[in-house]
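Overview (structure and organization)
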Amino acid sequence: MFLKFDEEVRRILLGAKREMKLLRHPYIGTEHLLIALTQCDGVAKDILLKNGVQAEKLLELAKQLIVLGGAEEPDGQDSFSPMARKVLLQSEQEANAYGERLAGTEDILVALIKERMCLAVRLLNTLEISVQKVFADAVLIMGGDMATAKAEFAMSRGKGNKKSSTPTLEQYSRDVTL
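Below: a short report on this structure. What you see is a predicted model, and the numbers here were worked out from it, not measured in a lab.

1. As for the overall build of the protein
- Scanning the protein from N- to C-terminus turns up ten helices and zero strands.
- When the elements of the protein are put in sequence order from the N terminus, they spell out α-α-α-α-α-α-α-α-α-α.
- Scored against the burial criterion, the 178 residues of the protein give a buried share of 45%.
- For the protein, the share of sequence-separated contacts (at least 6 apart) that also reach a separation of at least 24 residues comes to 68%.

Listed below in structure tokens is the structure:
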């Protein structure tokens with residue numbers, strides 16, 4: 001399934017599987033990908049460290065907030081949660097958009113942040129990390145500029161150019177009428 005990744009990303013995927021087993025979770029989720037990004041060498045680790053993200057704090061928070069233990073180990077591609085699978089596929093598209101043949105750790109980081117409702121972003125927000133700054137740093141390293149980073153971040157948040165009359169409500173809720 002995931003053939004368009006560089007060697008660093010392959011190590012991230014193994015690290016995410018290791019974290020899943022350590023936490024006794026039944027799947028590899030976005031939270032495991034984020035923890036692995038902070039532990040394995042790569043551009044994303046440098047960006048996360050620069051923005052104050054620490055692997056130990058993420059792991060501790062994941063242990064406190066996500067309690068699913070006791071599950072059997074999953075097999076193959078089914079071990080990825082639907083959101084993690086979506087993030088990995090999106091990271092390939094991010095790499096292609098910036099003219100890269102293989103997705104790197106920075107592409108996974110950008111794809112994670114674009115999925116604003118995933119557990120990885122929620123963990124970053126809980127740790128009071130500026131997700132927008134992490135996103136901008138990643139886009140700049142990938143070859144984009146600040147205007148591109150701001151526009152992409154706004155689009156990923158569903159805001160575009162439209163100003164919301166209820167930003168707090170939209171930040172902490174989900175429209176279930178669709």
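2. Observations regarding the packing of aromatic side chains
- Enumeration over the complete set of coordinates arrives at one aromatic pair.
- Ring plane angle 55° and centroid distance 5.5 Å describe the contact between Phe135 and Phe153, whose orientation is recorded as tilted. Placement of Phe135 in helix α8 (residues 131–142) and of Phe153 in helix α9 (residues 146–156) is noted, with a sequence separation of 18 residues between them. Accessibility classification places Phe135 together with Phe153 in one group, the buried group.

3. A short note on the packing of α8 against α9
- In the contact formed by α8 and α9, the axes pass within 9 Å of each other and the chain directions differ by 130°. The angle between α8 and α9 places the two elements in the oblique class. Seen along the crossing, α8 lies across α9 with a hand that is right-handed. Touching Val131, Gln132, Phe135, Ala136, Val139 and Leu140 of α8 are Met146, Thr148, Ala149, Glu152 and Phe153, all from α9.
- Among the residues making up the contact of α8 with α9, the classes are represented as eight nonpolar, two polar and one charged.

4. Some details on the pattern of salt bridges
- Enumeration over the complete set of coordinates arrives at five salt bridges.
- Between Lys133 and Asp137 there is a salt bridge, with its nearest N and O atoms 3.0 Å apart. You can see Lys133 and its partner Asp137 sitting in helix α8, four residues apart, about one turn around the helix.
- It is possible to trace a salt-bridge network through shared partners that takes in Lys50, Lys133 and Asp137.

5. As for the environment of Ile47
- Note on placement: Ile47 falls in helix α3 (residues 43–50).
- You can call Ile47 buried: its relative accessible area is 2%.
- Along the sequence, Ile47 and Lys133 sit 86 residues apart, while their C-alpha atoms lie 9.6 Å from each other.
- In this structure, Ile47 is in contact with Leu109, Val134, Asp137, Ala138 and Ile141, ignoring residues within four places of it in sequence.

The rules behind these values
Residues numbered from 1 in each chain as written. Predicted model: local features only at pLDDT ≥ 70, side-chain atom pairs only at ≥ 80, totals over all residues. Heavy atoms only, no water. Helix = DSSP H or I, 4+ residues; strand = E, 2+ residues; numbered from the N terminus. Buried < 20%, exposed > 50% of the residue type's maximum accessible area, 1.4 Å probe, protein only. Contact = heavy atoms within 4.5 Å. Phe/Tyr/Trp six-rings, centres within 6.5 Å; stacked < 30°, edge-to-face > 60°. Axes fitted to C-alpha atoms, helices over the stretch in contact; angles between N-to-C directions. Parallel < 35°, antiparallel > 145°, perpendicular 65-115°, else oblique. Left-handed = near helix turned anticlockwise from the far one by under 90°. Nonpolar A, V, L, I, M, F, W, Y, C, P; charged D, E, K, R; others polar. Salt bridge = Lys/Arg side-chain N within 4 Å of Asp/Glu carboxyl O.

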